[in-house]
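One-letter residues, chain by chain:
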Amino acid sequence: MIKRNGMLVVISGPSGVGKGTICKELFKRDLKDVKLSISATTRKPRIGEYEGINYYYKEEHEFDDMQKRGEFLEYAKVYGSYYGTPKKYVETNLNNGISVILEIDIQGAMQIKSNFKEAVFIFIMPPSYGELRKRIIGRATDSDDIINRRLKAALKEVKEVVKYDYVINNDKVDNVADKIICVLNAEKYRTSRCRFDFSKFKEESFD
Ligand code: 5GP
């Protein structure tokens, strides 16, 4: 009698806050009917990253062609590289009642906000600036220029939290994953996300 629509869930937060680790942790749980969107990017793969698992790695001209063909749900230039969410994957899953998580930056999140009013927006907050700096530097995969760019950007990015529906402090990965699951469950049971069919809900006939 009740069919639930798929939800579009946006997770953002400053670079180095641990969104990737959090998403990995989320999918270790028994999440029903939820998938993670894989973005396209012009950024080069880091050590330990793989095509089709972390990102679809594109040359700038390939990304540009995809954008011109309207293949992105949203896209943005972030810290000097382009990133975009492939539209088809998201639309197909949502149409089949499957929720999709987008792990994207704030510019992209705001594009989604203007096109998908019913999407859910979650901001992951670093425990402190010092902790964030440690994580970004500790990753040791980006150049000094990129590290500085990301650290500088973080000062502005955290102030954008007010545009999100939920804010979760990244104290411990499994705590964050638990809290995201609470949000997903609460959002899933909103009546506005359901389709009802009352045709079989009738008074029984005894004659
Ligand atoms: P990283 O290079 O560290 O993997 O990602 C850099 C930033 O780009 C992160 O804030 C990440 O959330 C964001 N990002 C990843 N994929 C997308 C996307 O498809 N669209 C947008 N707008 N941002 C993205």
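Here the residue numbering is sequential within each chain, running from 1 through the sequence in written order. Selection of residues for local features in this predicted model requires a pLDDT of at least 70, selection of side-chain atom pairs for listing and counting requires 80 or more, and totals for whole chains, interfaces and linings are taken over all residues. To get the side-chain values, all heavy atoms of the structure are used, and hydrogens and water are removed first.

*Asks:* Honestly, the layout of surface pockets in this entry has me stumped. Any pointers?
*Replies:* With a probe scaled to a water molecule rolled over the atoms, the places where space remains empty come into view. If you add up the space inside the largest pocket, you get close to 1,000 Å³. The rule is simple: put a 1 Å grid over the protein atoms alone, call a set of points where a 1.4 Å probe fits but cannot get out a cavity, call an open set with protein on both sides within 12 Å along at least five of seven lines a pocket, and count a residue as lining if it has an atom within 4 Å of a point. Together, 38 residues line the largest pocket, and Gly 20, Arg 46, Glu 49, Tyr 55 and Glu 103 are the ones closest to its centre. Secondary structure follows DSSP: runs of H or I at least 4 residues long count as helices, runs of E at least 2 residues long count as strands, and numbering of each begins at the N terminus. Sorting the residues of the lining of the largest pocket by element identifies helix H1 (19-26), strand E6 (72-78), strand E7 (81-86) and helix H5 (129-139) as the ones contributing at least two each. Sorting elements by how many residues they give to the lining of the largest pocket places H1 first, with five residues. Three categories are distinguished: nonpolar for Ala, Val, Leu, Ile, Met, Phe, Trp, Tyr, Cys and Pro, charged for Asp, Glu, Lys and Arg, and polar for the others, with Gly belonging to the last. Across the lining of the largest pocket, the residue classes break down as 14 nonpolar, 13 polar and 11 charged. Grid points are joined across faces, edges and corners, and a volume is the space filled by probe spheres set on the points.

*Asks:* Just to check I follow, could you spell out H1 for this structure?
*Replies:* Every α-helix winds through 3.6 residues per turn, so residues three or four apart in the chain are directed the same way. All buried positions along H1 are accounted for by Lys 19, Ile 22, Cys 23, Glu 25 and Leu 26. For H1, the angular spread of the buried residues around the axis is 160°, confining them to a single face. Contacts between residues were defined by any pair of non-hydrogen atoms, one from each residue, lying within 4.5 Å. Those residues of H1 that are buried are in contact with strand E2 (8-12), strand E3 (34-36), strand E8 (99-103), strand E9 (120-125) and helix H7 (173-188). Using a 1.4 Å probe on the protein chains alone, a residue whose accessible area is under 20% of its type maximum counts as buried, one over 50% counts as exposed, and one in between counts as partly exposed. The directions from the helix axis to the C-beta atoms are what the arc is built from.

*Asks:* Would you mind going over the sheet that holds E3 with me for this structure?
*Replies:* Strand pairing is defined by DSSP finding a minimum of two bridges between the two strands. Pairing is parallel in the open sheet, where five strands are placed in the order E3-E8-E2-E9-E10. Looking at strand neighbours, the two that pair on one side only are E3 and strand E10 (166-169), the edges of this open sheet. Taken pair by pair, the neighbouring strands of this sheet meet at an average axis angle of 25°, ignoring direction. Direction of pairing for E3 relative to E8: parallel, over a ladder of three bridges. Looking at the pairing, Leu 36 lines up with Ile 101 of E8. To obtain each axis, a line is fitted to C-alpha atoms, and for helices this fit is confined to the stretch in contact; angles are then taken between N-to-C directions over 0 to 180 degrees.

Purely spatial values, then, with no claim about function.
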